[in-house]
Amino acid sequence: MIEVRIHGRGGQGNVVAAYLLATAAINEGWHAQAFPAFGAERRGAPVVAFVRIDHTPISRRCQVVSPDFLIIQDEALMNIPGITEGLKADGGILLNSSKDSDSYSNEIDGKLVLLPATQLAQQHLGRPVPNTALLSAFLELTDLLPQQSLIKSLEERFKGAVLEKNIALIKAAAETITDNPWKMTINA
Amino acid sequence: MRKALEGSQAIALTVALCRPQVVAAYPITPQTHIVENIAKLVADGKMDCELVSVESEFSAASLVLGAACAGSRTYTASASQGILLMSEVLYNIAGLRIPMVMTCANRALSAPLSIWNDQQDSMAVRDAGWIQLYCANNQEAVDTTIQAYRIAEATELPVMVCMDGFTLTHTLEPIDIPEQAMVDAYLPPFNFARALDPANPISIGTLVSPDHYPEARHSHHHALLDAADEIIAADADWQQLSGRSAGGLLSVSGPDDARIGILTLGSIVGTLSDASDLYTDLPATKLINLRAFRPFPVDALRFACSGLTDLIVLERALSPGFGGIVAAEVHAALAGMQDVPRIHSFAVGLGGRDIPLEIYRTLHRKIDAAEPGPFSIIDVERDRLPVEDHGI
């Protein structure tokens, strides 16, 4: 089972990101589950969502406590104590940041991949919504699901200009990733 | 068709398949997405029903009561404080023996204010006279909603379909939404024998004097007891059509010869089931998932508990000043049985507290003692209690 914890702020499409990833996996024939851990729901507040993907049906309903991967949509959340808590020893952190990874401690440096997702979103959507760019990069890094599965799950949720701009955005985000250091298979 | 759906979205699609003629609901977290999705289906012309905006849950329940009296198939949904505000009408709907279906997106009650999941809301209307069915996952919630219409209309009793708020309503997972033709074949159009008809006037809801009140209660009580057969039949027939059972009165998993049992309601069972696969060092355990809470399935429970030395009742509500609500009923149901198991009573996950896999180990540790201790809330963190309560 692969478990992902997505951190963001209310308004960044955190829950939508979790739903899109699980939908992409389900459309590829896998079993998946996505759910939020809401706090008081309001714009700007830290929020968390969870995704599980497996080759067999998923029964458990508990929160993800030891994720394989973290996707962090707002760099400032890295300052919150415990944000990386429970991350598996060989796990990875995908962080929305336009800095370089030298800004972070050695302890997490090796696990960290940075993507300037807000910048990319501004370019392609005209809005600072980083979620789909991060998902696209995540699929490249892990080679977990084809990009086409993400496009398909976007098509189920969006249409028209929003859909087209998001497709352009995820293509641009995928191009920034040249390697798949977090290669995973769902049967593993 | 198997699709990636949020629980609420799946329920809205399923309600549409059941072809209600009148829907009225007032939004409340975590039920809101169900009503929003129904409103969207109606606005998009994909659902042909009268959707009435109301100003409160009291009005929502009153409106569907009136519409059902006029012979309409109806639907409403609520949670938490909304259920409490409806409660006067809920008793009326059941006492008048009006068939209808509602979803309770289970949520804690105030105070303290909590928007998160437990089952105190539906437990608070336990005695309203509704059938109550609890769902373990979103597929069961879909299948149970369809079955609920058939049960309600066959028994002339209202059915409350209880699904854990957030844990199910806000979880996206693969869900099979049946074809319209399958639901149509299973659920014929509603034909209410006592529908109000100006050509043939009757009164519904009149004053009943002491000459007849006890008889009305007797009939209602027995109608609920007898509904057990219809709940079983509705599930068996649905299984024949769809290939899936939603759990009958209760469902049992785990080895037959297990000496320890855990009884729960709702979505906890999935976590316990995964935990029992993981923690193989712990004794074999039978998981009993109580789907029908009203009517209470005494015989099925006795059968499921035969051979157990210990039964843990794990519930997500309590009766303050007494303890476990379900546990008290389990005690009563098993009393007089040969070799009654020792019953251990715990509440867990109140107000949305996460229920981790490790709860399974904690439960096994708790029952090592010679005699069951008193009821407790098993996941209380002592250091979070007010200082003056540290000793209790």
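The model shown is predicted, which means the values in this text are computed figures rather than measured ones.

**So, the overall build of chain B**
The secondary structure content of chain B amounts to twelve helices and 15 strands. In terms of C-alpha radius of gyration, chain B reaches 21 Å, essentially the compact-globule figure of 21 Å for 392 residues. Along the longest, intermediate and shortest principal axes, the C-alpha atoms of chain B span 70 × 55 × 50 Å. Out of the 392 residues in chain B, the part that is buried amounts to 50%.

**Some remarks on the overall build of chain A**
On a plain count of helices and strands, chain A comes out with six helices and six strands. Taking 2.2 N^0.38 as the reference for a compact globule, 188 residues should give roughly 16 Å; the C-alpha atoms of chain A span a radius of gyration of 15 Å, in line with that estimate. Its C-alpha atoms give chain A principal-axis dimensions of roughly 40 × 40 × 40 Å. Expressed as a percentage of contacts within chain A between residues at least 6 apart in sequence, the contacts between residues at least 24 apart total 58%.

**Examining the pairing of strand β2 (residues 31-37) of chain A**
Residue and element names in this part refer to chain A. Among the seven residues that make up β2, five are buried, leaving the element largely enclosed by the rest of the structure. Relative to strand β3 (residues 46-54), β2 runs antiparallel, the two sharing seven bridges. The residue bridging F35 from the neighbouring strand is F50, located in β3.

**Some thoughts on the confidence of the model for chain A**
It should be kept in mind that the predicted coordinates are not to be read in detail where pLDDT is low. Of the residues in chain A, 95% reach a pLDDT of 70 or more, and the chain-wide mean stands at 92. Confidence, read as mean pLDDT per element, is least for helix α2 (residues 106-109) of chain A in chain A (68) and greatest for strand β4 (residues 69-72) of chain A (98).

**A closer look at the interface of chain B and chain A**
Accessible area lost upon the coming together of the parts is a frequently used measure of interface size. Counting residues at the interface gives 18 residues for chain B and 18 residues for chain A. Every element with two or more residues in the side of chain B that touches chain A is listed here: β1 (2-6), β8 (172-176) and α9 (268-278) of chain B. Across the side of chain B that touches chain A, the residue classes tally to seven nonpolar, seven polar and four charged.

**With respect to unusual backbone geometry**
Across residues other than glycine, the phi torsion is negative in most instances, and most of the peptide bonds are trans. Cis geometry marks the peptide bond from S110(B) to A111(B); its omega dihedral reads -10 degrees. If you trace the backbone, A111(B) turns up in the loop between β5 (101-106) and α5 (120-124). Positive phi values are uncommon outside glycine, yet D143(A) reaches one of about 55 degrees. Tracing the backbone through its elements, the reader meets D143(A) in the loop between α4 (131-142) and α5 (147-157).

**A few points about the environment of L84(B)**
Residues and elements named next belong to chain B. Tracing the backbone through its elements, the reader meets L84 in helix α4 (residues 80-95). Between the alpha carbons of L84 and F58 there is a distance of 9.0 Å; along the sequence they are 26 residues apart. In this structure, L84 is in contact with L109 and A124, ignoring residues within four places of it in sequence.

**Topic: the nonpolar core**
Judged by nonpolar contacts, the single largest core of 170 residues is most densely connected at A18(A), L21(A), A22(A), A34(A), L94(A) and V159(B). Looking at which element gives the most residues to this core, the answer is helix α1 (residues 14-27) of chain A, with eleven residues. The residues contacting L94(A), other than those within four sequence positions of it, are F69(A), I71(A), V113(A), L115(A), L134(A), A137(A), F138(A) and L141(A).

**A short note on the packing of helix α3 (residues 57-69) of chain B against α4(B)**
All names here are of chain B. As a packed pair, α3 and α4 sit with axes 7 Å apart at the nearest point and diverge in direction by 25 degrees. In this view, α3 runs roughly parallel relative to α4, as classed from their interaxial angle. Considering how the two elements wind past one another, α3 and α4 form a crossing that is right-handed. Taken together, the residues of α4 that come into contact with α3 (itself represented by E57, F58, A61, S62 and L65) are G82, L85, M86, V89, L90, N92 and I93.

**Points about the pairing of strand β10 (residues 260-264) of chain B**
Residue and element names in this part refer to chain B. For β10, a buried count of five out of five residues is recorded, marking the element as mostly surrounded by other parts of the structure. The alternating pattern of β10 places I260, I262 and T264 and G261 and L263 on opposite faces, both of which are buried. Here β10 runs beside strand β11 (residues 285-290); their pairing, made up of five bridges, is parallel. Across the sheet, I262 pairs through a bridge with L287, a residue of β11. Read from β10 through α9 to β11, the crossover connection turns out right-handed. In terms of strand pairing, β10 meets strand β13 (residues 310-315) through four bridges, oriented parallel. Paired with I260 across the bridge in β13 is D310.

**Concerning the domain arrangement of chain B**
Residue and element names in this part refer to chain B. Its domain assignment divides chain B into domain 1 (2-242) and domain 2 (252-389). Here the C-alpha centre of domain 2 lies 28 Å away from the C-alpha centre of domain 1. Taken together, the contacts link 28 residues of domain 1 with 20 residues of domain 2. Broken down by secondary-structure element, the contributors of at least two residues to the side of domain 1 that touches domain 2 are α5, β6 (131-134), β7 (159-164) and α8 (213-242). Taken together, the residues of the side of domain 1 that touches domain 2 break down into 17 nonpolar, eight polar and three charged.

**Comments concerning the sheet that holds strand β2 (residues 22-25) of chain B**
Two strands in a sheet stick together by hydrogen bonds in their backbones, pointing the same way (parallel) or opposite ways (antiparallel). Residue and element names in this part refer to chain B. In space, the seven strands of this open sheet follow the order β3-β2-β4-β5-β7-β6-β12, with mixed pairing throughout. Of all the strands in the sheet, the pair left with one neighbour each is β3 (50-53) and β12 (292-294). On average, each strand axis in the sheet is tilted by 20 degrees relative to the strand beside it, whichever way the strands run. When strand β4 (residues 74-78) meets β5, the two strands line up parallel, connected through four bridges.

**Focus: the sheet that holds strand β14 (residues 342-347) of chain B**
All names here are of chain B. Taken in spatial order, the six strands make up an open sheet running β9-β11-β10-β13-β14-β15, and their pairing is mixed. Since the sheet does not close on itself, it has two edges, and those belong to β9 (250-253) and β15 (376-377), each with one partner. With respect to the sheet, α9 is in contact with β9, β10, β11 and β13, its orientation differing from that of β11 by roughly 170 degrees.

**Structural notes on the confidence of the model for chain B**
Put simply, chain B has an average pLDDT of 97, and 100% of its residues get 70 or more. Our summary of model confidence lists the complex with pTM equal to 0.97 and ipTM equal to 0.95.

Rules behind the numbers
- Residues numbered from 1 in each chain as written.
- Chains lettered and ligands numbered in written order.
- Predicted model: local features only at pLDDT ≥ 70, side-chain atom pairs only at ≥ 80, totals over all residues.
- Helix = DSSP H or I, 4+ residues; strand = E, 2+ residues; numbered from the N terminus.
- Rg over C-alpha atoms; globule rule 2.2 N^0.38 Å.
- Buried ≥ 20, exposed ≤ 12 C-beta atoms within 10 Å, placed from the backbone.
- Contact = placed C-beta atoms within 7 Å.
- Pairing = 2+ DSSP bridges.
- pLDDT = per-residue confidence, 0-100.
- Nonpolar A, V, L, I, M, F, W, Y, C, P; charged D, E, K, R; others polar.
- Core = buried A, V, L, I, M, F, W, Y, C linked by C-beta atoms within 7 Å.
- Axes fitted to C-alpha atoms, helices over the stretch in contact; angles between N-to-C directions.
- Parallel < 35°, antiparallel > 145°, perpendicular 65-115°, else oblique.
- Left-handed = near helix turned anticlockwise from the far one by under 90°.
- Right-handed = clockwise from strand over helix to strand, strands pointing away.
- Domains from an automatic or database assignment.

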